[in-house]
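# Observations on the model geometry
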Amino acid sequence: MALDKTFNAAEAEARLYKAWEDSGAFKAGANASRPETFSIVIPPPNVTGNLHVGHAFNNTLQDILIRWKRMQGYDTLWQAGTDHAGIATQLVTEREMAANGEPTRAEMGRDAFIKRVWEQKTRTRGNIIGQLKRLGASCDWDREAFTMGGAKGDPEAGNGAPNFHDAVIKVFVEMYNKGLIYRGKRLVNWDPHFETAISDLEVENVEVAGHMWHFKYPLAGGETYTYIEKDADGVEILREERDYISIATTRPETMLGDGAVAVNPRDERYAPIVGKLCEIPVGPKEHRRLIPIITDDYPDMDFGSGAVKITGAHDPNDYLVAKRAGIPLYNLMDTKAAMRADGRSYAEEAATALRIARGEEDFDEAKIAAMNLVPDDYRGLDRFEARKKVIANITAEGLAVMTQETFTDEDGNEATRSVPLVENKPIMQPFCDRSKVVMEPMLTDQWFVDASKIVGPALDAVRDGRTTILPKSEEKVYFHWLENIEPWCISRQLWWGHQIPVWFDGDGNQYCAATEVEAQALAGDGVKLTRDPDVLDTWFSSGLWPIGTLGWPEQTAELARYHPTSTLITGTDILFFWVARMMMMQMSVVNDIPFDTVYLHGLVRDAQGKKMSKTTGNVIDPIDIIDEYGADALRFANAAMASLGGVLKLDMQRIAGYRNFGTKIWNAHRFAEMNGAVGSNGMRPEPTAAVNRWIIGETAKVFADVNAALEAYRFNDAANALYAFVWGKVCDWYVELSKPLLQGDDDTHKAETQATMAWVLDQCLILLHPIMPYVTEELWGTSDDRTSMLVHAEWPSYGADLVDPAADEELNWVISFIDAVRSARAQMNVPAGLYIPVLAINIDPAARAAYTANEAMIKRLARIDNLSNAAETPKGAISVNAGASSFALPLKDIIDVDKENARLSKNLLKLEKEIKGLEGRVNNPKFAQSAPAEVVEEAKANLSERQGEAEIVRAALARLAEI
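Below: a short report on this structure. (Residues numbered from 1 in each chain as written. Predicted model: local features only at pLDDT ≥ 70, side-chain atom pairs only at ≥ 80, totals over all residues. Heavy atoms only, no water.)

### Quick look at the pairing of strand S6 (residues 203–218)
Both S6 and strand S16 (residues 422–432) contribute to a ladder of 11 bridges, which runs antiparallel. Note that in S16 the partner of valine 208 across the bridge is isoleucine 427. Across 6 bridges, the pairing between S6 and strand S9 (residues 244–249) is antiparallel. Residue pairing in the sheet places tyrosine 217 in a bridge with isoleucine 245 of S9. (Pairing = 2+ DSSP bridges. Helix = DSSP H or I, 4+ residues; strand = E, 2+ residues; numbered from the N terminus.)

### Let's talk about helix H1 (residues 9–22)
Compared with the 20 Å implied by 1.5 Å per residue over 14 residues, the 19 Å span of H1 between its first and last C-alpha is a close match. Three or more residues of H1 are buried, namely Ala9, Ala12, Glu13, Leu16, Tyr17 and Trp20. Along the long axis of H1, the arc covered by the buried residues comes to 125 degrees, so they all point the same way. Residues Ala10, Ala14, Lys18 and Asp22 are exposed on H1 and point more than 90 degrees away from its buried face. Buried residues belonging to H1 abut helix H2 (53–71), helix H5 (110–135), strand S3 (140–146), helix H18 (622–629), helix H19 (631–640) and helix H24 (773–782). Of the residues flanking the end of H1, it is glycine 24, one or two places downstream, whose phi is positive at about 75 degrees. (Expected span 1.5 Å × (residues − 1). Buried < 20%, exposed > 50% of the residue type's maximum accessible area, 1.4 Å probe, protein only. Arc of directions from axis to C-beta. Contact = heavy atoms within 4.5 Å.)

### Concerning the packing of aromatic side chains
This model, assessed by the stated rule, comprises 35 aromatic pairs. Ring centres of tryptophan 118 and tryptophan 496 lie 5.1 Å apart, and the angle between their planes is 80 degrees; this geometry places the pair in the edge-to-face category. Residue tryptophan 118 is located in helix H5, and its partner tryptophan 496 is located in the loop between strand S20 (491–492) and strand S21 (502–504); the two are separated by 378 residues in the primary sequence. Of the two residues, tryptophan 118 and tryptophan 496, neither departs from the other in class, the shared state being buried. For the ring pair phenylalanine 661 and tyrosine 723, a centre distance of 4.7 Å and an interplane angle of 45 degrees mean the geometry is tilted. Taken together, the residues phenylalanine 661 in helix H20 (residues 652–674) and tyrosine 723 in helix H22 (residues 715–742) connect sequence positions 62 residues apart. We classify tyrosine 723 as partly exposed; its relative accessible area is 29%. The rings of Phe172, Tyr176, Trp447, Trp488 and Phe540 are connected pair by pair, giving a single aromatic cluster. (Phe/Tyr/Trp six-rings, centres within 6.5 Å; stacked < 30°, edge-to-face > 60°.)

Written as structure tokens, this is what we have:
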């Protein structure tokens, strides 16, 4: 069947993927011819998500490895699956419910809502899977797993997929019984919209315009002290009597929950009042709360007033100070971040707090948690409304720190007035990446893993080399995080997820069991139990992903065969949140590593190195890329930018270029087809012509380069080696150099060239297939009568012995000579179609033999009329070198020297002007400090490019001077 003029990716991709699936090409063990296994677990995408450029990049690299190993005959498994993505999926579902006018989650009730989410999951799951298939991902889709598979309401439970839910619950119960999981109050990131704790990964810290207010905390009983300020040399610059201590805050509403004011123990300004009480300057005057002034190393003496308020239940740093000092942690807000409206009156609560502050009354966690220190007229207010009211009340009472402001009065005269001191300054504000609301640090009851007790084996596995992290620099990050690990909060206040398997009786006693029946048995007959409503953090369940997807806790054949898995490819941003936790969890559960190699990559950015965002307008949809350029072009671009530890820049121009690369390969096969150079059947010829022996050697070289690159996870090196070989050596040089043999009268040379070209092109398809599966599979199936699809073709095993030194030397000289003549012609602006004479000034025997053996090819490709000898370079000619031989091109009567000299000189002046401007920017320290890193790098790259162009022009001018 003759090849079409072009490759129709839009038609072929769907057809080819269906053919692969229908043939079982991706099933575990397909094409296995050796006992070794190679397995990858896919980082499970959100079940209701869509493919983005990060997914496309990540999955391309996984597919390259799995296709390569499958062709090598390994028993491969690319384990597919999706994540239930608690908060994201609940968000998507509730948004759709609202859009449809359905009852709210609260109106539905938990069971009905969970059923509704299962419906959402079933309906939308195919989006992300379908998009991965369009990319060409060769997962074993028959083994697709789900992080909530088997849970209550799962419509696909019992279909043979792993019962992931039971595995997760089993691990929780076992860890609880070992004392590794416990419940306690801690400060967590709190999303007021979803009313749940969230992980650090789900927090986006965004710089926003903020304010810092300065307020006075009066000393109790009207006490005073001498406040002395000194400069850096110890010279006194201010002395005054004060009856207050000044603090600054960006969140005035949290003052209502202050437990203390802290100063640095080395701060002499406040030494006289350490240990005394001061008054929170807000709330009913008759019930104004008093708090102690304490010392701690946390306050920075040089920042603000050097004194900080300690609100332990609403700030991570304050929390640590309060814990060290035994200061009560007063929680001010409800789950929606409104000021609390529960509990006793403020008068009663303030009186109790005062006794605690004076050391007259003991307290415990439960007692403090029940106390509501929000004044009555603030209760129920939104936190930001409360902020406005706090500021207004303090200012009205005269307890705002004042400063002098210059203004113009009604008569046009300049005057000054006292105004509250408010600093306008940018602050980092935490937002939930899902709800987009401002996060609130919240002291709540949560479930925690005592990670410090299970971290040791995860550290040892990387230290002793059982698991390798690439790039190696990320190992330091891994060690630092695990060596300083905090308790891991694993509970979320959601409905969609694995519900915590703990029940409480009326006295608050806990009963942890896999089922309610087992929990009831632990509690005893007749004891009324209530299940904890929280669900497990998604990262807890996905921490079991490798073993859970292989059927654990059942001792399945797949678990025995494919675990530990081979390579995990994922982003550096989830090194802590997923990779480290999989290491900890699985070492704790099965005492074995989950994978032997972790390949970490950075964030995919745009061509300028900028982070993609909807706000910037530079988001790229990979499906749009596939629609326009085809999956192969996107995949090749992904591989080409995947330098280990490098910056990932997705450039649309490069993608377009790689589509052209696919077209180049297609056209080379059309040329081969028209010249009968098809049907190698895997048989490598043993040709006599040097050009054929040379290209076989070049194929062996690139095979070695590609293998070495993929073994070292240097996908970019593999892609670049293939691009240079296939486009440069095969489609350009070999196709051109072979034409005299294919179209000549020597039937022997013609036949061997046909066989050689057929074999070489087959090798190109095989080596390219892991990166560009679609166009290569299409060409494979249409260019010969094959016994198997390319996806299951045998990966080559030839070695360096295929390199013929004599042919290599001969053809490399021929190519260097043609290149040198072409370059000189281009520099001198010689008309492209004009054949010109060449003089051999000094040509060695090997070069003479190479020229003679390839004369027809050389004349055709270099546009040479004839080659004659000359003793020296005549006037009006320019010099050209190839190897140790030298030649001359007589151009005096062919080109207009003056015109070319003027053209090149003008070009050089323009380049030198650009270079001067770029050098001024690059060498300016202010530019390097203030400009974004990507802008600086771009300027350096432009400078280097212009400098290179200028050198070429100077060389051309120097050549003109010879004429």
